[in-house]
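Analysis of the macromolecular model
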Amino acid sequence: MRRGTRISTAPPELNLVPLLDMVSLLVQVLLLHVHFGSLADIPATPVGPPVGETSAALALAVDVGDRGYVVRWNDGGEGRSEVLPCTSPCTDTEDYPTKDLASLLGSIKDGHPAESQAVVRPISDVRFDVIARTMDLMRATGAQQLFPDIAIGTGSQK
Amino acid sequence: MRSWRKGGRRVEPQSDLMLAAMVDMMVNVLLFLLTLYGAAGVEGDLQLPEGTSKTDPASEVELTIYQDSVDVDGSPVLGVQSSGGWASLSEDGLTRGLDALEATLRERHDRASTETPRLAVQIDRRVPWSVVEPLIRTAGDAGFVDLRFVVTSVAEH
């Protein structure tokens, strides 16, 4: 048995390394979560704006149904429409012809660069993600801004 | 810090790693991220649709439409019978529910500091339009003309 050994009275040092490990892990988890959880919004008005009252107005409307899209617009006083059917039964957003819609909206925008209004009109009981995807496409495609002033048509079902 | 002798010379050890400053920094980063997480997070059973918009959500009032209930600023306003879902809600019950929703929204609208308050609308992606439509129309009737549909931001579809 050792005798005469002095017991240190200095306070023990706090070992911070495990704490740092834990905090580092927490930071990484939160960073991942923030990256995937970022939110944005799509502005819209709940009723249709007064587009189409004059023959000069574009009066662009996109009907979203259970068979695909119907795009209607006014081209120099002449009413035009184009049907974009789903390639397979319209059950999910991927089934809708979004590329065709983006292409058509892009060409309409090229012909009417000053127009910014459009109406989205769900005409059947589609899921909300289909409507949100359609509004997103109408607002912009890639870097090209299309029709950012979107009205969502209510009271037009069936 | 302890020193020792080597070959008759007093040797001072290298200074210890200063962890206190690093801990301070980590705590700051952690608080920052927790704040961001709190601002961006949504409730677990709400699946928002995806969108390429980069506009930060900003609103005075929040309307949240879950699969089985409707909240205004986090307080439940309209619920449905759990067994049957939305379809089983009687016409009378729906009318009363929408009246309550309109009253709540109108009260929030009048209390807002801006003339045209923005209404953030968080809608579960699986909810059908037949449910969303009367709720959106009610929001319009309550005076909200600036709706902000909240989406999960993605780079590209």
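These figures come from a predicted structure and were not determined experimentally.

So, the packing of aromatic side chains
- In the structure shown here, the tally under the stated rule is two aromatic pairs over all chains.
- On the numbers, 5.4 Å between centres and 50 degrees between planes, the contact of A:Tyr69 with A:Tyr96 is tilted. Here A:Tyr69, found in strand S3 (residues 68-75), pairs with A:Tyr96, found in the loop between strand S4 (78-85) and helix H2 (98-111); they are 27 residues apart in sequence, far enough to count as distant.
- By relative accessible area, which is 1% here, A:Tyr69 ends up buried.
- Taken together, a centroid distance of 5.8 Å and an interplanar angle of 35 degrees make the contact between A:Phe128 and B:Phe149 tilted. Here A:Phe128 is found in helix H3 (residues 128-139), whereas its partner B:Phe149 is found in strand S8 (residues 146-153) on a different chain.
- The class for B:Phe149 is buried, based on a relative accessible area of 1%.
- Taking NZ or CZ as reference, A:Lys109 lies 5.2 Å from the ring centre of A:Phe147, over its face.

Topic: H3(A)
- Helix length check: H3(A) (12 residues) gives 16 Å between terminal C-alpha atoms against 16 Å at 1.5 Å per residue, within 8%.
- Counting buried positions over the 12 residues of H3(A) gives 12, a clear majority of the element.

Details of the pairing of strand S5 (residues 117-122) of chain A
Residues and elements named next belong to chain A.
- Direction of pairing for strand S2 (residues 61-65) relative to S5: parallel, over a ladder of four bridges. Opposite Val62, over in S5, you have Val120 as the bridge partner.
- Strand direction decides the pairing type here: S5 and strand S8 (residues 149-152), joined by four bridges, are parallel. Bridge pairing in S8 places Val119 opposite Ala151.

Thoughts on the interface of chain B and chain A
- Counting from both sides, the interface comprises 46 residues of chain B and, opposite them, 41 residues of chain A.
- Taking both sides of the interface into account, the surface hidden between chain B and chain A amounts to around 3800 Å²; carbon and sulfur atoms contribute 69%.
- It is B:Leu33, B:Trp129 and B:Phe149 that lose the most area in chain B upon contact with chain A, and together they represent 20% of the buried surface on that side.
- Between the two partners, chain B and chain A, sit one salt bridge.
- The partner of B:Arg125 in a salt bridge is A:Asp129, with the nearest N and O atoms 3.5 Å apart.

Focus on helix H3 (residues 129-141) of chain B
- Here H3(B) is 13 residues long and its end C-alpha atoms lie 18 Å apart, about the 18 Å a rise of 1.5 Å per residue gives.
- One or two steps after H3(B), the chain reaches B:Gly143, where phi turns positive at roughly 110 degrees.

Quick notes on the confidence of the model for chain B
- A residue-level look at chain B finds 73% of positions with pLDDT of 70 or above and a mean pLDDT of 78.
- The low-confidence segment residues 81-85 of chain B (pLDDT under 50) makes three contacts with residues lying over four places distant or belonging to another chain.

Points about the state of the cysteines
Residue and element names in this part refer to chain A.
- By the definition in use, this model includes one disulfide over all chains.
- Two residues share a disulfide in this structure: Cys86 and Cys90, whose sulfurs sit 1.8 Å from each other. On the sign convention where negative is left-handed, the bridge of Cys86 and Cys90, at about 115 degrees about the S-S bond, is right-handed. For the pair shown, Cys86 and Cys90 are each scored as buried.

Criteria and cut-off values
- Sequence order as written defines residue numbering, which begins from 1 separately in each chain.
- Numbering of ligands from 1 and lettering of chains from A proceed in the order in which they are written.
- Predicted model: local features are reported for residues with pLDDT of at least 70 only, side-chain atom pairs are reported and counted for 80 or more only, and whole-chain, interface and lining totals are derived from all residues.
- Where side-chain values are given, they derive from all heavy atoms of the structure, hydrogens and water being excluded.
- Ring pairs are drawn from Phe, Tyr and Trp, using the six-membered ring of Trp, whenever the two centres fall within 6.5 Å, and their geometry is named by plane angle: stacked under 30 degrees, edge-to-face over 60, tilted for the rest.
- The secondary structure listing takes helices from DSSP runs of H or I that are at least 4 residues long and strands from runs of E that are at least 2 residues long, numbered from the N terminus.
- Note on classification: 1.4 Å probe, protein chains only; a residue is buried when its accessible area is under 20% of the maximum for its type, exposed when over 50%, partly exposed between these limits.
- The criterion is that NZ of a Lys, or CZ of an Arg, lies within 6 Å of the ring centre and within 35 degrees of the ring normal, and then a charge sits over that ring.
- Expected helix span is taken as 1.5 Å per residue step, with the number of steps being one fewer than the number of residues.
- At least two bridges found by DSSP between two strands are what make those strands a pair.
- Any pair of residues with heavy atoms lying within 4.5 Å of one another is described as a contacting pair.
- Note: buried area is the sum, over both parts, of the accessible area (probe 1.4 Å) each one loses when the two are combined.
- One side-chain nitrogen of Lys or Arg within 4 Å of one carboxyl oxygen of Asp or Glu is enough to make a salt bridge.
- A residue's pLDDT is simply how confident the predictor is in it, with values from 0 to 100.
- Note on disulfides: each one is a pair of cysteine sulfur atoms within 2.5 Å.

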